[in-house]
Amino acid sequence: MTFDPYASSRETTEGTVFSVTGGDWDSLVTEIGEAKEERIIVNMGPQHPSTHGVLRLVLELEGETVTEVRTGIGYLHTGIEKNMEFRNWTQAVTFATRMDYLSPIFNETAYCLAVEKLLGITGDVTERASAIRVLMMELNRISSHMVALGTGALELGAMGPMFFAFREREMVLDAFEAITGLRMNMAYVRPGGVAQDLPAGMTSQLRELVKTLRKNFKDNAALLIGNSIWMKRTEGIGYLDLAGCTTLGITGPVLRSTGLPWDLRKMQPYCGYENYEFDVITADTADVYGRFLVRMNELEQSLRIIEQVLDKLDTLDGQPVMVADKKIAWPAQLALGADGLGNSLDHIREIMGSSMESLIHHFKLVTEGFRVPAGQAYAAVESPRGELAAHVVSDGGTRPYRVHFREPSFNNLQSTPAMSEGGMVADIIGAVASIDPVMGGVDR
Amino acid sequence: MTHDQSGMFGASGTGDTSGYGGLVRTQASFGSAERPYGSYFDQVADDLERAYPDFSDAITRVVVDRGELTLHVKKERLVEVAFILRDKLKFEMCMGVSGVHYPERTGQELVALYPLLSLTKNQRIRLEVATSDLDPHIPSVVEVWAGNNWHERETFDMFGIIFDGHPGLTRILMPDDWDGHPQRKDYPLGGIAVEYKGATTPAPSERRSYR
């Protein structure tokens, strides 16, 4: 056999080891054909279209059966938690929002709820601000579930659902852009409230959006629910029961697919979720199909919540969206202009033209920020992937002393071996897709 | 909480005409909470005392702050307490572990916090375990809650806390051959100064800071 730099073999105490790094597949097959056993170790990722980002899976295979899975992460580590210690309490939101890039609003809300707990102003956040947070979170849940469903289906070989899912997601992102000026990483939720009120006429626009989405969701439902090819790829795959979920700390759709109706929005309500009527969706199959159904049906519940929030917002018109305490309500005034979110011109006119005290106040709050009493707090929200919590420690200064995020993707990804070992290699893709990990959140 | 602070702007060695440089703020310290703790916390404490005879020895402090119950546990008793909390008090889930580094707390520099969740009773509590920089060992709770595996690896990676008994304590986010533990307070943030249109903005960690 001639030397092949891409498919070389060497002798070890364990037998012949073949290393394949690309190149000529035929020469490998010939050589493996001469070997007695079929144990193959495959490196899947970190650059692989089906691994949901830079996730590395080291698979040990016997034929097509997976005997061991090891998960390698850390390729997207950005040091967000450390960086937050070097910015003031409000600036830290712009870091938090960039962790799990599919659910930025949830990252911001978890962090802000923890900061508000530390400040002792949880009860002072206005009803309107909380309602807007709920509205944004539920819109975000839809846009995030759309990626989970669309890319999940694509990875299993179904292309149509992705087109529909991204069509819907695009509309939700347009709504985000109209409200915050940005399609992702909005830094819209701030300690004490939200950055600015909804633009005029937004509630009626969103009612139209809800109608369109409700109609459009039927397309994907018709394509996938009961589709025999889809069922064959998902039913009984990636099984993880309730005991497995509790010991692995798994929450979100994966936990609900075991039949336990655990949803923090119901169990430990925050932002006024107790005021809205919605159902907690469960499945009892504990497999990829069950998780798919949970996400699919949660879309309708999100729409129900959004409708109730919109009605509520109409009655709360004119209420402030930031706490009254001007020592916390930073940044002083923002407005959405043609070129995005920025300081409102009225405010600039005031601080630059008429009021020295306003200028001093603005300057102090923007450069120095507010102080947060010493202590620690833990605030959890139900993100599209499960319990997303912020553990925030303050030493009494203008910057967080320590922020830790309990990321559901990070935690849930641990279940990959439990879901995949003993199954077929092709089913790993379905199992990982059903966890819906977002590597930006996993690695932070 | 952490340490006394003097001055206000983090500047030293420069002329201070404001007078704020002489300001010293003493941090409030949280003592042990007194009964009644309020909410379901008394129930949790009672149940734990009943189920665990060594309660007074193992739990050094009980802190109730901002509506959260924190039990300070001696590190050598952590696994015992964890088993009781899981099996007798139905805290089925551990939501991970979060490290904090307090360089000023001599002998207690490294702190690990375990948020626990009971699905059965819909309750949350938190365990706090402290150890010293010189002996950064804390027993692993992976045998109690398997899901803490990655969380402990992360805290080891970021803070250098060694979780004894962990099935494979290796770095998880940083490269395997990385030096140091990035989220410790003695580890610099790094970053470089940026020049733009002739003006130089220093790296974030070098900028003047307000405390």
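All values derive from a computational prediction rather than experimental measurement. Along each chain, residues carry numbers from 1 onward, in the same order as the chain's sequence is written. Whichever chain is written first is A, and whichever ligand is written first is 1; the rest continue in order. Whole-chain, interface and lining totals are the exception, using all residues; otherwise, since this is a predicted model, local features are given only for residues with pLDDT of at least 70 and side-chain atom pairs are given and counted only at 80 or more.

Engineer: Mind laying out the overall build of chain A, listing which residues take part and the relevant values?
Structural biologist: What chain A contains, in helices and strands, is 18 helices and 12 strands. On C-alpha atoms alone, chain A measures out to a radius of gyration of 25 Å, which is about the 22 Å that the 2.2 N^0.38 rule sets for 444 residues. The C-alpha extent of chain A, read off along each of the three principal axes, is 85 × 45 × 40 Å. Residue burial is a threshold on neighbouring C-beta atoms within 10 Å of the residue's own C-beta, all placed from the backbone, with 20 or more meaning buried, 12 or fewer meaning exposed, and counts in between meaning partly exposed. In chain A, which comprises 444 residues, the proportion classed as buried is 50%. Two residues qualify as being in contact provided that their C-beta atoms, derived from the backbone, are within 7 Å of each other. Relative to all contacts within chain A whose residues are 6 or more apart in sequence, the contacts with residues 24 or more apart total 67%. Where helices and strands are cited, they refer to DSSP runs of H or I of at least four residues and of E of at least two residues respectively, numbered from the N terminus. Every radius of gyration here is taken over C-alpha atoms, with the globule rule written as 2.2 Å times N^0.38, N being the number of residues.

Engineer: Before we move on, could you go through the packing of helix H6 (residues 160–180) of chain A against helix H7 (residues 202–224) of chain A and cite the residues and values that matter?
Structural biologist: Residues and elements named next belong to chain A. Close contact between H6 and H7 brings their axes to 9 Å; oriented N to C, the two are set at 170 degrees. Judged on the interaxial angle alone, H7 and H6 are roughly antiparallel. Across the interface between the two elements, Gly 160, Pro 161, Phe 164, Ala 165, Arg 167, Glu 168, Met 171, Ala 175, Ala 178 and Ile 179 of H6 pack against Met 202, Leu 206, Leu 209, Thr 212, Leu 213, Asn 216, Asp 219, Asn 220, Leu 223 and Leu 224 of H7. Basically, the charged four are Asp, Glu, Lys and Arg, the nonpolar ten are Ala, Val, Leu, Ile, Met, Phe, Trp, Tyr, Cys and Pro, and anything else, Gly included, counts as polar. Along the lines of polarity and charge, the residues of the contact of H6 with H7 split into 13 nonpolar, 4 polar and 3 charged. Only the stretch in contact is used when a helix axis is fitted, and all axes are lines through C-alpha atoms; the angle between N-to-C directions ranges over 0 to 180 degrees. Roughly parallel means an angle under 35 degrees; roughly antiparallel, over 145; roughly perpendicular, 65 to 115; everything else is oblique.

Engineer: Hey, could you go over the domain arrangement of chain A for me, with residue numbers and the actual values?
Structural biologist: All names here are of chain A. Split into domains, chain A comes out as domain 1 (7–72) and domain 2 (80–330 + 369–443). Residue-level contacts link 16 residues of domain 1 with 18 residues of domain 2. Every element with two or more residues in the side of domain 1 that touches domain 2 is listed here: strand S4 (56–62) and strand S5 (65–72). Tallying contributions element by element places S5 first for the side of domain 1 that touches domain 2, with 6 residues. As used throughout, domain bounds are those supplied by an automatic or database domain assignment.

Engineer: Explain the interface of chain A and chain B residue by residue, including any values.
Structural biologist: Taken together, the contact between chain A and chain B spans 39 residues of the former and 34 residues of the latter. Looking at the side of chain A that touches chain B residue by residue, the class counts come to 13 nonpolar, 17 polar and 9 charged.

Engineer: Can you break down the pairing of strand S6 (residues 98–101) of chain B residue by residue, with the values?
Structural biologist: Residues and elements named next belong to chain B. Burial along S6 is two-sided: Ser 98 and Val 100 facing one way and Gly 99 and His 101 facing the other are all buried. At least two bridges found by DSSP between two strands are what make those strands a pair. The sheet contact formed by S6 and strand S7 (residues 110–118) spans 4 bridges and is antiparallel. Residue pairing for S7: Val 100 is matched across the bridge by Val 111.

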